[in-house]
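Here is how the chains run, residue by residue.
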Amino acid sequence: MIRLLLLIGLIYLLHKGRRAWLDFKRSMHESMQEKENGGRTEQINDIMVQDPYCKVYFPRNEGIRLKHQGEDLFFCCEECRQKFLEHKR
């Protein structure tokens, strides 16, 4: 019984040590990236939108914009935009 408790304790300590090591490596990696970027951190300034025709998600800034009935729509490609317009006629 004592051996089992010691084994469980050892496994727990190894797990905590591994997590601490991975957290340390990640923080070192992030600080190195920050140094490479001149001390500034990167931010994501875009959102994912869904193509109203094919229903695929993509970054809005990569989409093709169409103002349709007062609403801004974004399409993943010109082909989907054309098919949407043909379907709405």
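Along each chain, the written sequence defines residue order, and numbers are assigned to residues from 1. Whole-chain, interface and lining totals are the exception, using all residues; otherwise, since this is a predicted model, local features are given only for residues with pLDDT of at least 70 and side-chain atom pairs are given and counted only at 80 or more. For the side-chain quantities, the full set of heavy atoms in the structure was used; hydrogens and water were omitted.

The secondary structure listing takes helices from DSSP runs of H or I that are at least 4 residues long and strands from runs of E that are at least 2 residues long, numbered from the N terminus. Mapping histidine 68 onto the fold places it in strand β3 (residues 64-68). Exposure classes here rest on a 1.4 Å probe applied to the protein chains alone. A residue is buried below 20% of its type maximum, exposed above 50%, and partly exposed in between. Note on histidine 68: relative accessible area 18%, which makes it buried.

The next subject is the packing of aromatic side chains. Within a pair of aromatic rings, the relevant descriptors are the distance that separates the centres and the angle that separates the planes. Within 6.5 Å between ring centres, the rings of Phe, Tyr and Trp (the latter by its six-membered ring) count as paired, and their orientation is classed by plane angle as stacked under 30 degrees, edge-to-face over 60, tilted in between. Under the definition given, this model contains 2 aromatic pairs. Consider the rings of phenylalanine 75 and phenylalanine 84, whose centres lie 5.2 Å apart with planes at 55 degrees: the pair is tilted. Both residues of the pair, phenylalanine 75 and phenylalanine 84, count as buried.

Tracing the chain through its elements places aspartate 51 in the loop between β1 (48-50) and β2 (57-59). Polar contacts, as used here, are pairs of N or O atoms within 3.5 Å; protein pairs need one atom able to donate a hydrogen and one able to accept it. Residues neighboring in sequence count only if both atoms are side-chain atoms. Reaching out from aspartate 51, the side chain makes a polar contact with the backbone nitrogen of cysteine 76 at a distance of 2.7 Å.

Another point: the nonpolar core. Counting 5 residues, the largest nonpolar core is built from Leu66, Leu73, Phe75, Cys80 and Phe84. At the level of secondary structure, the elements contributing two or more residues to this core comprise β4 (71-75) and α2 (78-88). With near-sequence residues (within four places) excluded, phenylalanine 84 lies in contact with Pro52, Tyr53, Leu66, His68, Leu73 and Phe75. Nine residue types can take part in a nonpolar core, namely buried Ala, Val, Leu, Ile, Met, Phe, Trp, Tyr and Cys, and a core is a set of them joined through side-chain atoms within 4.5 Å. Contacts between residues were defined by any pair of non-hydrogen atoms, one from each residue, lying within 4.5 Å.

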